Amino acid sequence: MSSSILVTGGAGYIGSHIVLALRREGFWPVVVDDLSSGRRELVSAEVPFTEGDCGDEALIRPLLRREGIVSVIHCAGRIRVDESVRDPLLYYQGNTLVSRNLIAACVAEKIPSFLFSSTAAVYGNPAEIPILEETPLNPVNPYGRSKLMTEMMLQDASMAYGLRALSMRYFNVAGADPDARAGQVIPFVSHLIRRALRVYLGEFPQLEIFGTDYPTPDGTCIRDYIHVSDLADAHVRGIRYLLAGGASRAVNCGYGHGFSVREVLRAVEAVTGQPLPMVESPRREGDPAALVAQADWLRKELGWTPKFDDLPTIIAHALAWEKKALHDFQ
Ligand code: UDP
């Protein structure tokens, strides 16, 4: 049991891929998920599963003891920027307070290390690209602030109690497990690649391009799209680093190069072999022009070598999953 890892939100999109990667690498993942957006079917029946709130110390502390947990990967949380603007307290509850309680449970049970799902949203609208981990943190919405507060709590807990923590700042996570064992299931389809594929599959009439007047080469926003399985692999490496005594820090999770919205849509057309109905629309509020990671630490210090750093592959895996999900999860 010396390799038992608690994965909160393990039935969600990213968490379920982390569970697959941990199992492949010989760890023993244990999942807690309240199933508010995750799906039980995304987690193998062999994985110990508790349905519940990971901010409930009375639930988590005995679980940590019983399962002999050596590290926690905290993925559970709310992820919609628009929703966070409409209802910020929901985000300070679901992201910040829940994290506070989970961290408290870990400190009380002397769990030595903690890996946290953070976000590039902690940078806000950065003045320079690529974004370094040292780039000033200036989140521009409650979602980003709710995540940054957890990063800060972890820094303080690291100093005060010696809980070593990695905050993984995700850029644009996309794609799905290459064997279609997991993928995105939340009914709200807002992310670019998923939305474009749902247009191709006939669920929406056309794809709206949000803004064509950005200061980028083709006028549309640039993002660093990272395959979810590569991201999951980075987590396994992060866990090994922490278990080996690695120091607390924050780390960017992206490939280090970006694609514009138009480039992504052209790649979708190439993968599907069909022209995609699209229309130019006004900017979506709050979208920065470009977000591209400088992710050298992950490669150099954790030896991370992405396997799927290829936009058509990301899109093809996402498409295979969407076809399956339309059938299995609707
Ligand atoms: N986008 C778009 N049309 C859509 C969805 C997204 O033009 O239907 C753009 C969005 O404005 C942003 C980029 O695609 O510039 C990536 O958006 P997404 O929601 O996938 O991720 P975000 O970067 O907001 O986390």
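Structure first, text after, so check above.
Quick summary incoming for the structure in this document. (Residues numbered from 1 in each chain as written. Predicted model: local features only at pLDDT ≥ 70, side-chain atom pairs only at ≥ 80, totals over all residues. Heavy atoms only, no water.)

## Some points on the site of the ligand
The environment of the ligand is made up of 15 residues, and the closest members are Leu192, Glu208, Arg223, Arg284 and Asp287. Within the side chain of His191, an N or O atom sits 3.3 Å from an oxygen atom of the ligand. In the model, an oxygen atom of the ligand is placed 2.6 Å from a nitrogen or oxygen of the Asp287 side chain. Protein chains shield 88% of the accessible area of the ligand, which is 510 Å² for the free molecule. Put simply, the parts of the chain that give the shell around the ligand at least two residues each are α6 (192–200) and β8 (207–210). Of the residues forming the shell around the ligand, the biggest block, four residues, is contributed by β8. In the shell around the ligand, the residues fall into seven nonpolar, three polar and five charged. (Near = heavy atom within 4 Å. Polar contact = N/O pair within 3.5 Å; in protein donor to acceptor, adjacent residues only side chain to side chain. Areas by Shrake-Rupley, 256 points an atom, 1.4 Å probe, with all protein chains shown as cover. Helix = DSSP H or I, 4+ residues; strand = E, 2+ residues; numbered from the N terminus. Nonpolar A, V, L, I, M, F, W, Y, C, P; charged D, E, K, R; others polar.)

## Considerations on the pattern of salt bridges
All chains considered together, the criterion is met by 23 salt bridges. Between Asp177 and Arg181 there is a salt bridge whose closest N-O contact spans 2.9 Å. Each of Arg24, Glu25, Asp233, Arg237 and Arg240 takes part in salt bridges that share partners, so that together they form one network. (Salt bridge = Lys/Arg side-chain N within 4 Å of Asp/Glu carboxyl O.)

## Things to note about the side chain of His17
Along the chain, the position of His17 falls in helix α1 (residues 13–24). At 2.9 Å, the side chain of His17 forms a polar contact with the backbone nitrogen of Asp177. With residues near it in sequence (within four places) discarded, His17 still touches Ala176, Asp177, Ala182, Gly183, Val228, Ser229 and Ala232. (Contact = heavy atoms within 4.5 Å.)

## Points about the packing of helix α2 (residues 57–66) against helix α4 (residues 88–108)
In contact at an axis separation of 9 Å, α2 and α4 are set at 35 degrees when each is read in the N-to-C sense. Between α2 and α4 lies a crossing of right-handed hand. On α4, the residues touching Glu57, Ile60, Arg61 and Leu64 of α2 are Arg100, Asn101, Leu102, Ala104, Ala105, Cys106 and Ala108. When the residues that make up the contact of α2 with α4 are grouped by side-chain class, the tally is seven nonpolar, one polar and three charged. (Axes fitted to C-alpha atoms, helices over the stretch in contact; angles between N-to-C directions. Left-handed = near helix turned anticlockwise from the far one by under 90°.)

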